[in-house]
Amino acid sequence: MSRIGKKPVELPSGVSASVSGQTVEVKGPKGARSFTATDDVTLKVEDNTVTVTPRGSSKRARQQWGMSRTMVQNLVQGVSGGFTKELEIQGVGYRAQMQGNTLKLSLGLSHEVNFEVPAGVTVTAPKQTQIMIEGIDEQLVGQVAANIREWRKPEPYKGKGIRYKGEFIFRKEGKKK
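Here is a short report on the structure shown in this document. (Residues numbered from 1 in each chain as written. Predicted model: local features only at pLDDT ≥ 70, side-chain atom pairs only at ≥ 80, totals over all residues. Heavy atoms only, no water.)

Moving on, we get to the overall build of the chain. The secondary structure content of the chain amounts to three helices and 13 strands. For a compact globule of 177 residues, the expected C-alpha radius of gyration is about 16 Å, and the chain comes in at 21 Å, more than 25% above that figure. Dimensions of the chain, computed from the C-alpha atoms along their principal axes, are close to 65 × 40 × 25 Å. Every one of the 177 residues in the chain was classed for burial, and the buried ones make up 37%. Within the chain, contacts between residues separated by at least 24 positions form 50% of all contacts whose residues are at least 6 apart in sequence. Carbon and sulfur atoms make up 49% of the accessible area of the chain, which totals about 10600 Å². The positive charge centre, built from 28 side chains, and the negative charge centre, built from 17, are 8 Å apart in the chain. (Helix = DSSP H or I, 4+ residues; strand = E, 2+ residues; numbered from the N terminus. Rg over C-alpha atoms; globule rule 2.2 N^0.38 Å. Buried < 20%, exposed > 50% of the residue type's maximum accessible area, 1.4 Å probe, protein only. Contact = heavy atoms within 4.5 Å. Areas by Shrake-Rupley, 256 points an atom, 1.4 Å probe, with all protein chains shown as cover. Lys, Arg positive; Asp, Glu negative; His and termini not counted. Charge placed at Lys NZ, Arg CZ, Asp CG, Glu CD.)

Structure, rendered in structure tokens:
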């Protein structure tokens, strides 16, 4: 029994869901998203809740049960509140700024890095050492944050680089004299 799958997904005010076949479409103040579940689960919308139940007791049906419920929950959270990732930049001369739809990063390389922001995500740089990524698709927000971080991962000796807010970097001791 999936403990996650048993819980129904509550729909907050202003959010509506509709099921057609195996596809759930959720509409809210921030936009509309949809998810197509496998044939191993059944989706139902009943008075402000979405319930997911497995079809049968096979291993695959039990796996898809919890996963499908979580995907529907992410749709609801995305269209009602959205998702946010924060990145911090540490290092002398390392900075970021937005110019139109391009994030310009100065990361100690011989050139500036121009990162094109994909559609469906908004990137802002409130400070030169802070980047905020927001959107309604959790996977896309996380992927964009990972792609930006990939340009200069935090190194373990001085801690320079791009890190997630609150991320702990294990520090190493340098050479001994």
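Moving on, we come to the packing of aromatic side chains. According to the stated counting rule, one finds zero aromatic pairs in the structure shown. The lysine or arginine in question, Lys 85, covers the ring of Tyr 164, its NZ or CZ lying 5.3 Å from the ring centre. (Phe/Tyr/Trp six-rings, centres within 6.5 Å; stacked < 30°, edge-to-face > 60°. Lys NZ or Arg CZ within 6 Å of the ring centre and 35° of its normal.)

What follows concerns the sheet that holds strand E7 (residues 83–90). Spatially, four strands are ordered E11-E12-E7-E13 in an open sheet, and the strand pairing comes out antiparallel. Because the sheet does not close on itself, it has two edges, and the strands there are strand E11 (121–127) and strand E13 (161–164). The mean inter-strand angle of the sheet, taken between neighbouring strand axes irrespective of direction, is 25°. Summarising the sheet, E7 and E13 pair through four bridges and their orientation is antiparallel. (Pairing = 2+ DSSP bridges. Axes fitted to C-alpha atoms, helices over the stretch in contact; angles between N-to-C directions.)

Attention now goes to the pairing of strand E3 (residues 23–28). The pairing of strand E2 (residues 16–20) with E3 spans five bridges and is classified as antiparallel. For Ala 17, the partnering residue across the bridge sits in E3 and is Val 26. Connecting the antiparallel pair E2 and E3 is a turn made up of two residues, with Gly 21 showing a positive phi of about 70°. Bridging between E3 and strand E4 (residues 31–36) involves six bridges; their strand directions are antiparallel. The residue bridging Val 26 from the neighbouring strand is Arg 33, located in E4.

Time to look at helix H2 (residues 59–80). With 22 residues, H2 extends 33 Å between its outermost C-alpha atoms, agreeing within 8% with the 32 Å of an ideal straight helix rising 1.5 Å per residue. Once H2 finishes, Gly 82 follows within two positions and takes phi at roughly 85°, a positive value. (Expected span 1.5 Å × (residues − 1).)

Ordered by their spatial adjacency, three strands build an open sheet running E8-E9-E10, and the pairing between neighbours is antiparallel. The sheet terminates laterally at strand E8 (95–99) and strand E10 (113–116), the two strands that pair on one side only. For this sheet the average axis-to-axis angle between neighbouring strands, irrespective of direction, equals 25°. Note: strand E9 (residues 102–106) against E10, four bridges, orientation antiparallel. Following the sheet pairing, Lys 104 is matched in E10 by Asn 114.

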